[in-house]
Amino acid sequence: MKGVFIVFEGIDGCGKSTQLQALSERLQSYGIEPVVVREPGGTPVGEQIRQILLDRPFEMEPLTELFLYEASRSELTRTIIRPALAAGQVVLADRFAMASLAYQSYGRGLDFTLVQRFNRIATDGIEPSLTIILDVPVEIAFARKRRAFDRLERAGPQFHERVRQGYRELAHQTPRSLLLDGTRPPAELAEQIWTAVQSLFQGGG
Ligand code: TMP
């Protein structure tokens with residue numbers, strides 16, 4: 001794969017979408033037009049799956065939830081991410097496979113190895129060049145939310161606490177990942193991210 005694949009992760013309200021947007025604009029100012037995707041979603045079928053997962057009133061079994069996230073991921077990987085990376089493009093993703101480990105394994109309690117196995121199938125073995133994880137205490141992250149909570153956000157503070165701890169552990173286990181204090185001012189975070197991305201482009205990892 002010739003391209004560069006940068007993933008943003010963290011609990012809901014951690015500020016990752018803001019930082020992804022800032023990085024996208026910075027790359028554009030250097031003449032690099034990134035491919036920007038989000039999970040779940042990013043494809044016609046993925047956006048429908050997103051609605052089922054987040055916007056509908058019904059509950060579902062944790063395994064059903066995992067399969068839906070993985071179905072969306074498989075479609076996005078095969079139709080957008082893989083071709084873009086093969087063409088040498090920069091792909092910025094608002095969440096990827098690490099989210100299923102954090103939410104469906106640490107959060108919902110599904111077996112870690114099982115989630116890893118489905119991730120490997122859905123991602124076709126594609127791994128991020130860099131994963132940026134913004135770490136924010138649950139109460140601060142939720143105080144930032146302005147719109148109505150979606151189904152996952154309604155899962156409660158203890159669930160999101162497990163997800164947060166999950167991300168912190170995953171950051172330590174994952175090579176090419178960067179755990180940042182998401183309570184720092186957005187401009188400062190953007191600089192830290194830019195430094196890491198520059199080093200990635202210069203082959204410094
Ligand atoms: P977003 O609000 O950041 O777009 O993410 C959608 C929600 O889906 C968020 O609450 C995290 C959750 N999620 C999972 O539970 N598992 C996953 O694999 C992904 C990608 C997201």
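Scroll up to find the structure.
For clarity, every value in this text was computed on a predicted model and none was experimentally measured.

### Focus: empty space enclosed by the protein
Stage number 1. Within this structure, the stated rule accounts for 1 cavity of 30 Å³ or more.
Stage number 2. Each pocket or cavity is described by its volume, and for the largest cavity that value is around 30 Å³.
Stage number 3. Gly10, Ile11, Ile133, Leu134, Asp135, Val136, Arg164 and Tyr167 are the residues that line the largest cavity.
Stage number 4. Of all the elements in the fold, those that place two or more residues in the lining of the largest cavity are β4 (130-135) and α7 (157-173).
Stage number 5. Ranked by residue count, the leading element in the lining of the largest cavity is β4, at 3 residues.
Stage number 6. Broken down by class, the residue content of the lining of the largest cavity amounts to 5 nonpolar, 1 polar and 2 charged.

### Details of the pattern of salt bridges
When the charged atoms of two side chains lie near each other, side chains of opposite charge can form a pair.
Stage number 1. Summed over all chains, the structure comprises 15 salt bridges.
Stage number 2. Residue arginine 108 is joined to glutamate 65 by a salt bridge in which the shortest nitrogen-to-oxygen separation is 2.9 Å. Of this pair, arginine 108 sits in the loop between α4 (97-107) and α5 (112-123) while glutamate 65 sits in helix α3 (residues 62-86); the two residues are 43 residues apart in sequence, bridging distant segments of the chain.
Stage number 3. When its relative accessible area of 27% is taken as the criterion, arginine 108 is described as partly exposed.

### Let's talk about the site of the ligand
Stage number 1. The immediate surroundings of the ligand are formed by 14 residues, with Asp12, Lys16, Tyr69, Ser100 and Gln104 found nearest.
Stage number 2. Arginine 50 places a polar side-chain atom, nitrogen or oxygen, 2.9 Å from an oxygen atom of the ligand.
Stage number 3. Measuring from a nitrogen atom of the ligand, one finds a side-chain N or O atom of glutamine 104 at 2.8 Å.
Stage number 4. When the ligand is considered free in solution it has 470 Å² of accessible area, and contact with the protein chains removes 96% of it.
Stage number 5. Listed by contribution, the elements that provide at least two residues to the shell around the ligand are α2 (44-55), α3 and α4.
Stage number 6. Of the residues forming the shell around the ligand, the biggest block, 4 residues, is contributed by α4.
Stage number 7. Class assignment for the residues of the shell around the ligand results in 6 nonpolar, 2 polar and 6 charged.

### Description of the sheet that holds strand β3 (residues 90-94)
In a beta sheet, neighbouring strands pair by backbone hydrogen bonds and run either parallel or antiparallel.
Stage number 1. On the basis of which strands lie adjacent, the open sheet formed by 5 strands has the order β2-β3-β1-β4-β5 and parallel pairing. The sheet is open, and its two edges are formed by β2 (35-38) and β5 (177-181), each paired on a single side. Between one strand axis and the next, the sheet turns through 20 degrees on average, direction left out of account.
Stage number 2. Looking at chain direction, strand β1 (residues 4-9) and β4 are connected through 4 bridges and run parallel. Its bridge partner lying in β4, isoleucine 6 is registered against leucine 130.

### Some points on the environment of valine 163
Stage number 1. Topologically, valine 163 is positioned in helix α7.
Stage number 2. Valine 163 sits 59 residues away from glutamine 104 along the chain, and the two C-alpha atoms are 8.6 Å apart.
Stage number 3. Not counting residues up to four positions away in its chain, the partners in contact with valine 163 are Ile11, Ala102, Tyr103 and Gly107.

### Some thoughts on unusual backbone geometry
Stage number 1. Cis geometry is found at the peptide bond from glutamate 39 to proline 40, where omega equals -15 degrees.
Stage number 2. Even without glycine at this site, arginine 95 takes up a positive phi of about 80 degrees.
Stage number 3. In this structure, arginine 95 sits in the loop between β3 and α4.
Stage number 4. Given the relative accessible area of 10%, arginine 95 is considered buried.

What counts as what
- Residues numbered from 1 in each chain as written.
- Predicted model: local features only at pLDDT ≥ 70, side-chain atom pairs only at ≥ 80, totals over all residues.
- Heavy atoms only, no water.
- 1 Å grid on protein atoms, 1.4 Å probe; cavity = no way out; pocket = protein on both sides within 12 Å on 5 of 7 lines; lining within 4 Å.
- Points joined across faces, edges and corners; volume = space filled by probe spheres on them.
- Helix = DSSP H or I, 4+ residues; strand = E, 2+ residues; numbered from the N terminus.
- Nonpolar A, V, L, I, M, F, W, Y, C, P; charged D, E, K, R; others polar.
- Salt bridge = Lys/Arg side-chain N within 4 Å of Asp/Glu carboxyl O.
- Buried < 20%, exposed > 50% of the residue type's maximum accessible area, 1.4 Å probe, protein only.
- Near = heavy atom within 4 Å.
- Polar contact = N/O pair within 3.5 Å; in protein donor to acceptor, adjacent residues only side chain to side chain.
- Areas by Shrake-Rupley, 256 points an atom, 1.4 Å probe, with all protein chains shown as cover.
- Pairing = 2+ DSSP bridges.
- Axes fitted to C-alpha atoms, helices over the stretch in contact; angles between N-to-C directions.
- Contact = heavy atoms within 4.5 Å.

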